[in-house]
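# What the coordinates show
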Amino acid sequence: MATLGAAKFLLCFSIIWLFNFLPLCQGNDKWSNINEYKYPFIRKASSFESPPSVSTTNTNNGYDYIIVGGGTAGCPLAATLSKKFNVLLLERGGVPFTNPNVSFLDNFHITLADTSPTSASQFFISTDGVFNARARVLGGGSSINAGFYTRASSRFIEKMGWDAKLVNESYPWIEKQIVHRPTFSHWQRALRDGLLDVGVSPFNGFTYEHKYGTKVGGTIFDRFGRRHTAAELLSSGNPDKLTVLIYATVQNIVFDTTGKRPRAIGVNFKDENGKMHKAILGNDMQSEVIVTSGAIGTPQMLLLSGIGPREELEKLKVSVVLDNKFVGKGMADNPMNTIFVPLKKPVKQSLIETVGITDKGVYIEASCGFGQTNESIHCHHGLLSAEIGQLSTIPPKQRTVEAVKAFAKNKRDIPIEAFKGGFILSKVANPWSTGELKLINTNVDDNPSVSFNYFSHPYDLNRCVEGIRLASKVVQSKHFTNLTLCDRQTTEQFLNNTVKANVNLIPKHVNDTESLEQFCRDTVITIWHYHGGCHAGKVIDSDHKVLGVNRLRVVDGSTFTESPGTNPQATVMMMGRYMGVKILRERLGKFAGV
């Protein structure tokens, strides 16, 4: 249980962080003998030897597949393709295995709070003023997320045009290797019972399936609280045909533009020492560069490589390979709002295990507690997590260094309850509000400009209000009052407590707890389910090949028009396996062996 002294200590750290903005803390990236034995194909980018000469016509010594991004989709894709072909997987971050901030459930918030240049989590703020994070580590989002595992609905699979039989073969391939049944804490049990009391029924028990009602899903945290990421799926690959380079930051895709259609021939990447390298494809026309850099990284990579709106690219002096006005468009994020529930006794940290899937188009989940292991990386992380107090009242256009310092100096009222409480999460499914992604500059290390335009469509706002009403009823149920030992509070009291633990840069209003619509707008945060930017029929075709160019494909959440299921990681990992098998079968037929 946090004490007042601990709260002041963290607040002091928060102020120090605000003054310095980027704390100097990073993960331990040394290898153990076990990891070297299990993943002999993983090495630092500086070990790469570029070919002595690169020609657009003589590339016999190249790779069959170059995969840009060792994330949630990239790892299972690389492991699968390496069964038959030479694969190079390039990841800009390090490994998750020896970083305690990544490896343990107790350090979930610490990972997101680490904003140093080498952090596994790259901090960014959308133009909406909402704090966000994108992965910068092997395993991608599965290395920094809350771990919940649940499949997509059959409707989503049908909408994507995927082969349902192959989908149902690909999910278990993931589940057998890294997915576990959660321990099911008291907090999650209270949520389950509260949801059933307010009519989110039936109770579907423990299941990976997406079903209306209340259920317990899977998790990538085992019973000891250790995280199992998509990076572990690489152990299923062929070590003789798979090369994984970490700290390999791809700068752009290289094209041969001498023919009728541009064709990808390789990539340029920078190693951990800043040295540039070029990796090339073999001359087989079926060889490909496959971009799996996520909903932020993939449209950014296409734009940096010259595929996107001509006018935008020319402004930044990027050579235009293909004029496509749809790259970066249609970005969306599932907006989330929370209700903070104070506790009078210690509570064990619990991330998402239970979910209420409603017919109103909202999902209700819960988390509680705040942990940190002795082995975790200690840094001036402030309070930069997705669920507890953060810098809040300065609108983006007024966010000067002086304004931030003034805010930090005056911010003395972070409630102690924020350190020993829990949250009921309400998020809008399949938002109709969309935005866009644009380059700010040509430095791939910098975040692009991302707008989600939360609640710009009234339908999303209406569903948020329904979700907050439902979550309020759950919080006020006897199951939570028995657990928290607190007196029953009114909805307005709960909302007021939540507003005090501000979590974004959106200016607050005096009536933000009197109007649920205003509360939704003012307290919106992310749960990292952003998607879009490379939609089918606009940027890619039904086989995920980029329109207008040859030998280039996209396999990740940037292709989604909605986030699958209640949480996307299961489907993104499945997608990597699915597309790998599909590519092998199309290329080798009965000799694919999968």
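Notes on the structure in this doc start here. (Residues numbered from 1 in each chain as written. Predicted model: local features only at pLDDT ≥ 70, side-chain atom pairs only at ≥ 80, totals over all residues. Heavy atoms only, no water.)

This structure, assessed with the given rule, holds 18 aromatic pairs. Ring centres of Phe48 and Phe269 lie 5.2 Å apart, and the angle between their planes is 65°; this geometry places the pair in the edge-to-face category. Taken together, the residues Phe48 in the loop between strand S1 (42–44) and strand S2 (65–68) and Phe269 in strand S12 (residues 263–270) connect sequence positions 221 residues apart. Residue Phe48 shares its accessibility class with Phe269, and that shared class is buried. Ring centres 6.4 Å apart and planes at 70° place the aromatic pair Trp162 and Phe560 in the edge-to-face group. Taken as a pair, Trp162 in the loop between helix H6 (154–160) and helix H7 (164–178) and Phe560 in the loop between strand S24 (552–554) and helix H16 (569–588) lie far apart in primary sequence, 398 residues in all. As far as the burial class goes, Trp162 and Phe560 line up, both buried. An aromatic cluster of three or more residues is present, and its members are Phe124, Phe452, Tyr454 and Tyr530. Across the ring face of Phe203, the terminal group of Arg192 is positioned such that the distance to the ring centre comes to 5.6 Å. (Phe/Tyr/Trp six-rings, centres within 6.5 Å; stacked < 30°, edge-to-face > 60°. Helix = DSSP H or I, 4+ residues; strand = E, 2+ residues; numbered from the N terminus. Buried < 20%, exposed > 50% of the residue type's maximum accessible area, 1.4 Å probe, protein only. Lys NZ or Arg CZ within 6 Å of the ring centre and 35° of its normal.)

This paragraph deals with the state of the cysteines. Here the structure, examined in full by the defined rule, presents one disulfide. A sulfur-sulfur separation of 2.1 Å characterises the disulfide bridge that pairs Cys464 with Cys520. Taking the torsion about the S-S bond as the criterion, the Cys464 to Cys520 disulfide, at about -100°, is left-handed. With Cys464 in helix H12 (residues 458–475) and Cys520 in helix H15 (residues 516–523), this pair connects stretches of sequence that are 56 residues apart. (Disulfide = S-S within 2.5 Å.)

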